[in-house]
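# Geometric and topological summary
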Amino acid sequence: MTKFLAIDQGTTSSRAIVFSSEQKLITDSQQEYSLSYPHDGWVEANPVDILNTVNETINNVLNKTPEAISSCGITNQRETTVIWSSKTGEAIYPAIIWQDRRTHNLCNELKSKGYEKMVREKTGLVIDPYFSATKIKWILDNVEGARKKAESGELMFGTIDSFLLYNLTKEKVHLTDVTNASRTMLFNINTMDWDQDLLKLFDIPDSILPEVKPCDGEFGTLVTEGKEIKINGVIGDQQSALVGQTCFKSGDMKSTYGTGCFLMVNTKKDIIKLDEGLLTTVGYQLNNEVNYAIEGSIYSCGNIIQWLRDKMEFFQHASMSEEYLNNNGSSNNVHFLPAFNGLGAPYWNSEVRGGFYGITQDSSKADMITAAFKSICYQTRDITELLQENNIEISSLLIDGGMTANSAFCEMLSCVLQENILKPANIESTALGACVVAQIGEGESIDSIQSNIEETYEPRHDMKDFFDSDYHSWKQYINKTISNIK
Ligand code: ADP
């Protein structure tokens, strides 16, 4: 039986999964690694930890799989930036994680100089620290000697896919795929190439950039413990979930609830640019065809649950959070502002920080936990409302990611949105997408890939009025807090 290896390098852990050609999980391995928060708004990881956890999980699954693996697909946290020496392979600075906000002054400066329109036209993105460009510039400007070395061709930049490809392949390739490139803020999604104007704007020499390939391109040969497997799939994690959920038609939408939450709608060949806070990005390039997507990015999602568990010590396991959700949706007027690292779509504010509001002597742990979960649903509603206002037709709402293991949350989400929500049997759509891309790279047709929806959550219509008014109260807190900062 043909088997595929999927590598899923996420924000909190690395996973390797062996799938069958029918996309059934055969064996998997997962290892967490830690992030560090050296200053307010800074988020870093040690690239060696990332590499080691990937290597160990690959070896774990290969040791359990005596049969040959046909090919390998890689999916990864996007935007996270690594710069390494082309001589030694060593990173010259920790990986700056996508959540890191250290460059917000630079972003504000570029916005005040009026570059927003040009960047939006070329990349589909808003100027924000989230994307790689200002992170690269920060490293080149702040690590001693880095800029000089970059200019003399001694450094390589990559998002995590490129860093892994360089370190895992026999050929030591310096490559990326179109989806990861489209998140750097240096890639022109109209011409599908690195953009010289943007490189000039961010003062980045093009010698450090990887070559860009379609998602189903040839990415070299993975060598590990004497085994060689060709890599013919690379795709950023959110785009991977889009593929894993078989969102191949225009209007198909998926929403992934992991560390952050990302909604993505396939718009096929149309590059639709919306004004307010939603991004336009490359969905995937498979069989020589580029599909675009609209994305709503929410920074804080599952990490809120981790914080409630680890810092507030409200429960021991994320799964126990379910017991504390008030089943009528009420948090007795307690609201949570989910902004540990600022807010993404549609607010795009780096300075705002989180908070609980409306707490009284009667407020309970359950109220606070319920408020935190509702804030995730309400951020989703922010984005679906924006899509509706912009007349983007959604044909289905598919969910996945670690948080969707929580049925009470899925029910709450369906009630808040007043929509049917579909959940697949395998909520690890991200890893599945990497397998599918590798299969397509092997010649499999897109049409043969089947969706694996298992569960539908239907909204309780009697809760519509309550959630409408509760959502508007929450939004008032958010707007007031943001206007206080300004
Ligand atoms: P990532 O790929 O971003 O690392 P995952 O998709 O693996 O994230 O999801 C992990 C997140 O899901 C964690 O932040 C965790 O807090 C959250 N999570 C996992 N199980 C549950 C649960 N039963 N209820 C709520 N949140 C959960």
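Reference entry: report on the structure contained in this document. (Residues numbered from 1 in each chain as written. Predicted model: local features only at pLDDT ≥ 70, side-chain atom pairs only at ≥ 80, totals over all residues. Heavy atoms only, no water.)

## Here's the deal with the sheet that holds strand β3 (residues 25-32)
- The strand order β3-β2-β1-β6-β15-β14 describes an open sheet built from six strands, whose pairing is mixed. Edge positions in the open sheet fall to β3 and β14 (221-224), since each of these has one partner strand only. Strand-to-strand twist in this sheet, taken as the mean axis angle between neighbours without regard to direction, amounts to 25°.
- Across seven bridges, strand β2 (residues 13-20) lies against β3 in antiparallel orientation. Bridge pairing links A16 to S29 in β3.
- Each of β1 (3-9), β6 (71-76), β14 and β15 (227-236) touches helix α6 (residues 160-168); the most contacted strand, β6, lies at about 140° to it.
- Its contacts with the sheet put helix α13 (residues 429-441) on β1, β2, β6 and β15, and the angle it makes with β1 is roughly 135°. (Pairing = 2+ DSSP bridges. Helix = DSSP H or I, 4+ residues; strand = E, 2+ residues; numbered from the N terminus. Axes fitted to C-alpha atoms, helices over the stretch in contact; angles between N-to-C directions. Contact = heavy atoms within 4.5 Å.)

## With respect to the layout of surface pockets
- Reported here for the second largest pocket is a volume of approximately 310 Å³.
- Along the wall of the second largest pocket there are 19 residues; nearest its centre are T384, Q388, I394, L417 and E419.
- Mapped by element, the contributors of at least two residues to the lining of the second largest pocket are α11 (365-389), β22 (396-400), α12 (407-417) and α14 (464-485).
- Per-element accounting of the lining of the second largest pocket gives the leading share, five residues, to α11. (1 Å grid on protein atoms, 1.4 Å probe; cavity = no way out; pocket = protein on both sides within 12 Å on 5 of 7 lines; lining within 4 Å. Points joined across faces, edges and corners; volume = space filled by probe spheres on them.)

## Re unusual backbone geometry
- In this structure, the amide linkage connecting A345 to the following residue, P346, adopts the cis form with an omega of -5°.
- Checked against the element boundaries, P346 lands in the loop between β20 (335-337) and β21 (355-357).
- For D203, which is not a glycine, the phi torsion comes out positive at approximately 60°.
- Classification of D203 as partly exposed rests on a relative accessible area of 38%.
- The backbone phi angle of E313 is positive, close to 55°, even though this residue is not glycine. (Buried < 20%, exposed > 50% of the residue type's maximum accessible area, 1.4 Å probe, protein only.)

## Brief notes about the site of the ligand
- Taken together, 15 residues surround the ligand, and among them T12, T259, G302, G402 and N406 come closest.
- One nitrogen or oxygen atom from the main chain of G302 is found 2.9 Å from an oxygen atom belonging to the ligand.
- Computed on the free molecule, the ligand has an accessible area of 590 Å², of which 81% lies beneath the protein chains in the complex.
- Looking at the shell around the ligand element by element, the count peaks at four residues for helix α10 (residues 302-310). (Near = heavy atom within 4 Å. Polar contact = N/O pair within 3.5 Å; in protein donor to acceptor, adjacent residues only side chain to side chain. Areas by Shrake-Rupley, 256 points an atom, 1.4 Å probe, with all protein chains shown as cover.)

## So, the side chain of Q239
- Summarising the element assignment, Q239 is placed in helix α9 (residues 237-244).
- Note on Q239: relative accessible area 0%, which makes it buried.
- A distance of 3.1 Å separates polar atoms of two side chains, one belonging to Q239 and the other to R78.
- Leaving out residues up to four positions away in the same chain, Q239 has contacts with R78, T179, S182, R183, M264, T281, V282 and G283.

Keep in mind that these numbers describe shape and distance, not what the molecule does.
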